[in-house]
Amino acid sequence: MGISSLFPVQVAVWQETIGPGLFERDLCINSPTGSGKTLSYALPIVQTLSNRAVRCLRALVVLPTRDLALQVNSARCKYCCKNIFGLIADHSIAEMCVQFDSLLFISLPQVKDVFAAIAPAVGLSVGLAVGQSSIADEISELIKRPKLEAGICYDPEDVLQELQSAVDILVATPGRLMDHINATRGFTLEHLCYLVVDETDRLLREAYQAWLPTVLQLTRSDNENRFSDASTFLPSAFGSLKTIRRCGVERGFKDKPYPRLVKMVLSATLTQDPNKLAQLDLHHPLFLTTGETRYKLPERLESYKLICESKLKPLYLVALLQSLGEEKCIVFTSSVESTHRLCTLLNHFGELRIKIKEYSGLQRQSVR
């Protein structure tokens, strides 16, 4: 099925999770765009959860925006998921690789479908909470409600205890995640085992309704969780199913909960500032990088600089687009307003004979 060896970042992460590392340390992964970061954390999480007996939310992947969350959907994956796990069991990691075109173009794959492509093979379910649909539709996808017979009165508290998670893995944006934490009955992070923070630099730079401290508090040990008051958050579901976290000194855990919440943070420009990373409360963090330098351009990428007066930039851009002919290109601007203004201006140049479309927050999601 085109599987021969893993990409470098996937080998490194596998060795620290399923391999000898066995998730003993939290991982900080710095790897260029298109290097296979998404699959590097999706594979070990799915492999580890494949033996779960009861369905509940155990893995959470957080991305800063809806567009980025949808970009982890690999519509072009061309492999058999069951064969991947068969190869992992039968062959050396160094001899394996998942080779498919979508890994080379990070703007095409989408995170949720990367999980959705491999998780069903081992009986896992993947959910999406990014605001792409109404919150009511998301709730129906994330929470499994008991079947109630007509004509019978039920105690609301009994019904709440019967609510179950319909997903094992959730891909979410911070804003919609907080909506579900605060308002969705039956939604709980009590059983969360894995937290993945993609595009970490941006998520740490912007508060996003204080999602990070909320998630960390909701997954801490029972005797230190200050959010345990039922008046603050909705009560936990799943009846008698409960994940108990206790503080102790087992395996080097001094004053930290165990079993712990495993964290993996990723970015193409991952910060190494201790003050910023301290927000994540990482456990013996291990920094992984696949490049010799922090910022490394693809080998075949050619870079040029054009110096001109600010007022003449649109004219130089028009000349550049004309020289490219019919080649596809992306023009980045500094703001939504600049994008709209430049698109309007370029569309007035009829002699360009190329289609120019705007892609920004001004468009509805369906248009984008």
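Parameters and conventions
- Residues numbered from 1 in each chain as written.
- Predicted model: local features only at pLDDT ≥ 70, side-chain atom pairs only at ≥ 80, totals over all residues.
- Heavy atoms only, no water.
- UniProt positions renumbered as here; feature names shortened; annotations may be inferred.
- Buried < 20%, exposed > 50% of the residue type's maximum accessible area, 1.4 Å probe, protein only.
- Helix = DSSP H or I, 4+ residues; strand = E, 2+ residues; numbered from the N terminus.
- Arc of directions from axis to C-beta.
- Salt bridge = Lys/Arg side-chain N within 4 Å of Asp/Glu carboxyl O.

Under the annotation held in an unreviewed UniProt entry, the chain carries the name ATP-dependent RNA helicase and is attributed to Citrus sinensis. Under the Function (unreviewed entry) heading, UniProt states for the chain: "RNA helicase." The UniProt entry for the chain carries this comment under Catalytic activity (unreviewed entry): "ATP + H2O = ADP + phosphate + H(+)".

Engineer: Hey, could you run me through helix H5 (residues 111-118) in this one?
Structural biologist: Turn by turn, an α-helix covers 3.6 residues, leaving residues three or four places apart pointing in a common direction. Residues Val111, Val114, Phe115 and Ile118 constitute the buried set of H5. Considered in projection along H5, the buried side chains sweep an arc of 95° and stay on one side of the axis.

Engineer: Just checking my understanding: could you explain the pattern of salt bridges for this structure?
Structural biologist: If charged atoms from side chains of opposite charge come close, those side chains can pair. As enumerated under the stated definition, the model contains six salt bridges in all. A salt bridge links aspartate 168 to arginine 55, with the shortest nitrogen-to-oxygen separation between them at 3.1 Å. Residue aspartate 168 is located in the loop between strand S5 (164-165) and strand S6 (169-172), and its partner arginine 55 is located in the loop between helix H2 (37-49) and strand S2 (59-62); the two are separated by 113 residues in the primary sequence. A relative accessible area of 32% places arginine 55 in the partly exposed class. The residue glutamate 138 makes a salt bridge to arginine 176 at a minimum N-O spacing of 3.0 Å. In this pair, glutamate 138 is assigned in helix H6 (residues 135-142) and arginine 176 in helix H8 (residues 174-183), connecting sequence segments 38 residues apart. Given a relative accessible area of 2%, glutamate 138 falls into the buried group. We classify arginine 176 as buried; its relative accessible area is 15%. Connected through salt bridges with shared partners, the residues Asp26, Arg260 and Lys263 form a single ionic network.

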